[in-house]
Every structure is written in C-alpha cells, then in structure tokens.
Amino acid sequence: MSTNTQQPVLIIGGSGLVGSQAAKMLRRLQPDLPITIGGRDLARADAVAREVGGADTARIDLERPDLGLPAGKSFSAIAMFLKDDTLNSLRYAQARGAAYLGISTALFEIGPEVGFYVARPGSAPILMDSLWLAGAATLPALHFAREFRTLEAIEIAAVLDEEDLGGPAAYADFERMTKVTASALRLEDGKWRWVQGADAARTLVGVDGAELRVQAYAPLDLMSLAGATDARSIRFDLAVGQSATRRRGEPFSTEIIIELVGQQRDGTTGRVRYELVHPAGQAPVTAQCVAVGLERLLGLAGGPPVAPGLYLPHVLIDPAYMVRRLEEIGTRIRRV
C-alpha cells in the first residue's frame, strides 16, 4: 500500500450534499492534504473544489475499470459517497494500493466487497464505513460502554427527519436499503434473528419526551457492535418522520438514542441512556465521520498508515476521539 499522503484523496461524489461537506471537513482536519473532487458534473465539482481550497477535480465514469481517469494517476485514498454497483472503484483502489472507504453498502449486500478483499487481501486497506452516519452511533456507543464492566444489551434508535434524506445518491441508498428486504437482523440473547412486521417495531421516548415509534433496521453497526463487545442482545432501530426540533417549529435535526444495559463499574446492574443531537441534520455528522476515517487510514491521526486489510471503524478509530470530533462540529451529547 502506498503511504505517500502527498497523493490526493479522491472523493467520488464529492460535489454532492454529504461529499462536499466531507471534503471541507477533511480540509479543516488536514489543511495540507491534496484533495480531488470526483463526479460526473465537472462544473459542480469545480465549484466545490474552489470552496475547499487546495483541491482539483476529475470526471468519474464508474462504468470503466479505470474510472475514466488518466493512466498513471495515483491517489492515497478513495472515498465513495454513492453506491457503486460495478465496484470498479474498489478494484481501482486495489490495483493501485490506495486506501478505500465506502458508506453506501447495506448489511445484506456486503458479499461482493468481501469477495474482492478475499481475492486480493494484501492489496489495500478497505474500510467498510456503511454504518449509521459512517459510525456516528457505534463509536459513541463503544465510548459510553466503557462505563460498564460487562455489557448485556445495546439498543440504538436513530431519527431521520423526512426532510433530511439528503441528495439523490443518499435517497437512492435509503430506498434500496429499506425496500429490498422486508426483514432486519437483530441479536437476541446470543442468537441472530431476522425480524419483520410487528416483531420488528417498538415504542420508546424521543429526545423531547414524545412517544417515538421505531422499526428494526440493519446497518453494519450490528457487525461492529457484536465484534467489539460481548453483549448478548443488540438492536438498531430507525424512525423516519419529524425530528424533535421540527416538532417545535425549528429546522430539522438528526437524533441518535443509545441505551446500554450491563454491570457497571460499581458492581450494580443498570441501564444508561445517551442522546446525540445535531441541529443541522445528518449531513455534517456523516461528513465528519468520513473525514475522521480518511485521516486514520492515511496515518494522519491516531496511528501509522493502515496496512492492507478489511476493517470496520471501531478497529481503527478510538471511540473517544470520534466523540470529541463530533462535539467539535456542534453535536450535543446528553446523558440521561
């Protein structure tokens, strides 16, 4: 793998809603890192590049194995902000030893990416970052879990405002992930189950005290949490509708509710609840989490450049560091 961070990071979908914010946040975290904004519309990409500063642009064609890029072009990392049905972007990264980060793959469709890694395990580091908002729920949950000696259960509920579904690529991802399968995966008392219908729903109290109806959802968070803890029960639920702030007549927010059950440090068994709210919605949160993932892959924070392998975020990123970065961009965290 190339460890030359003087080569630019290619952000495919970098002129979109989340991709453009990720480029700007990456620039704030790493002022000297070269960045290439990749997309189909060069005019939009050029506009984002000017806002980012120190960035150039590239027209991307995902139907081509070379992505339509000039021969000899090299990158230190590639970040994908849309679903690449061809996976040519991953093949391109592997062929050139560039780190790869993707955020648009559902739990039920990771097979091809895993297969590409198995075929060429020593080619490049691949960060499977398709967790909720690229790790904004799981990494804080693991940080808060340090309060416990042992964990019994992890329950996460996310609220996505119906006015905060993002741009066309994000909306397409949401449609695919919620409609292709009628079931969602859950860990119950040590056993993995696919649940649907009434069995997949529950009611809880939202961040504003209102009753909130949520439905089981299965992002890669389940894999990450199961691998990082000994919890025997893990569930992730999603509500799409009005966020708490919009119910008050304000602009939409994004909300994450994390509840942990287990034996605490004082020996007692208890349940704690944390609420994470960002007043500008899901885009800045996702963008910050992706920026943190990229700087970690390149060895610009948290350790040396990451060796070739297949990774989930919790393996590479210190949960406390992610919590700090989320708070820096205005994420409000409250322990209930």
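Going through the model one piece at a time under the given rule, you end up with four aromatic pairs. Taking 6.1 Å as the distance between ring centres and 90° as the angle between the ring planes, the aromatic pair formed by Trp132 and Tyr217 counts as edge-to-face. In this pair, Trp132 sits in the loop between β6 (125-128) and α5 (138-144) while Tyr217 sits in the loop between β11 (211-216) and α7 (221-228), placing the two residues 85 residues apart along the sequence. Relative accessible area serves as the criterion here: at 8%, Trp132 is assigned to the buried category. Over the aromatic face of Tyr92 sits the side chain of Arg96, whose NZ or CZ is 3.7 Å from the ring centroid.

In this section: the pattern of salt bridges. One pass over the structure, following the stated rule, counts 25 salt bridges. Linking Lys24 and Glu51 is a salt bridge whose minimum nitrogen-to-oxygen distance equals 2.6 Å. Pair noted here: Lys24 is in helix α1 (residues 17-29) and Glu51 is in helix α2 (residues 42-52), with a separation of 27 residues, a long-range link. Glu51 gets classed as exposed once you look at its relative accessible area, which sits at 53%. Across the salt bridge formed by Arg64 and Asp66, the nearest N and O atoms sit 2.9 Å from each other. On the basis of relative accessible area, Asp66 is assigned to the partly exposed category, the value being 25%. Each of Glu155, Arg202, Arg235, Asp237, Glu259 and Arg271 takes part in a single network of salt bridges with overlapping partners.

The N-to-C vectors of α1 and helix α9 (residues 282-297) enclose an angle of 50°; their axes lie 8 Å apart at closest approach. For the element pair α1 / α9, the angle class is oblique. α9 is crossed by α1, and the crossing has right-handed handedness. Taken together, the residues of α9 that come into contact with α1 (itself represented by Leu17, Val18, Gln21, Ala22, Met25, Leu26 and Leu29) are Gln282, Ala283, Pro284, Thr286, Ala287, Gln288, Ala291, Val292, Leu294 and Glu295. The residue inventory of the contact of α1 with α9, partitioned by class, reads twelve nonpolar, four polar and one charged.

Rules behind the numbers
Residues numbered from 1 in each chain as written. Predicted model: local features only at pLDDT ≥ 70, side-chain atom pairs only at ≥ 80, totals over all residues. Heavy atoms only, no water. Phe/Tyr/Trp six-rings, centres within 6.5 Å; stacked < 30°, edge-to-face > 60°. Helix = DSSP H or I, 4+ residues; strand = E, 2+ residues; numbered from the N terminus. Buried < 20%, exposed > 50% of the residue type's maximum accessible area, 1.4 Å probe, protein only. Lys NZ or Arg CZ within 6 Å of the ring centre and 35° of its normal. Salt bridge = Lys/Arg side-chain N within 4 Å of Asp/Glu carboxyl O. Axes fitted to C-alpha atoms, helices over the stretch in contact; angles between N-to-C directions. Parallel < 35°, antiparallel > 145°, perpendicular 65-115°, else oblique. Left-handed = near helix turned anticlockwise from the far one by under 90°. Contact = heavy atoms within 4.5 Å. Nonpolar A, V, L, I, M, F, W, Y, C, P; charged D, E, K, R; others polar.

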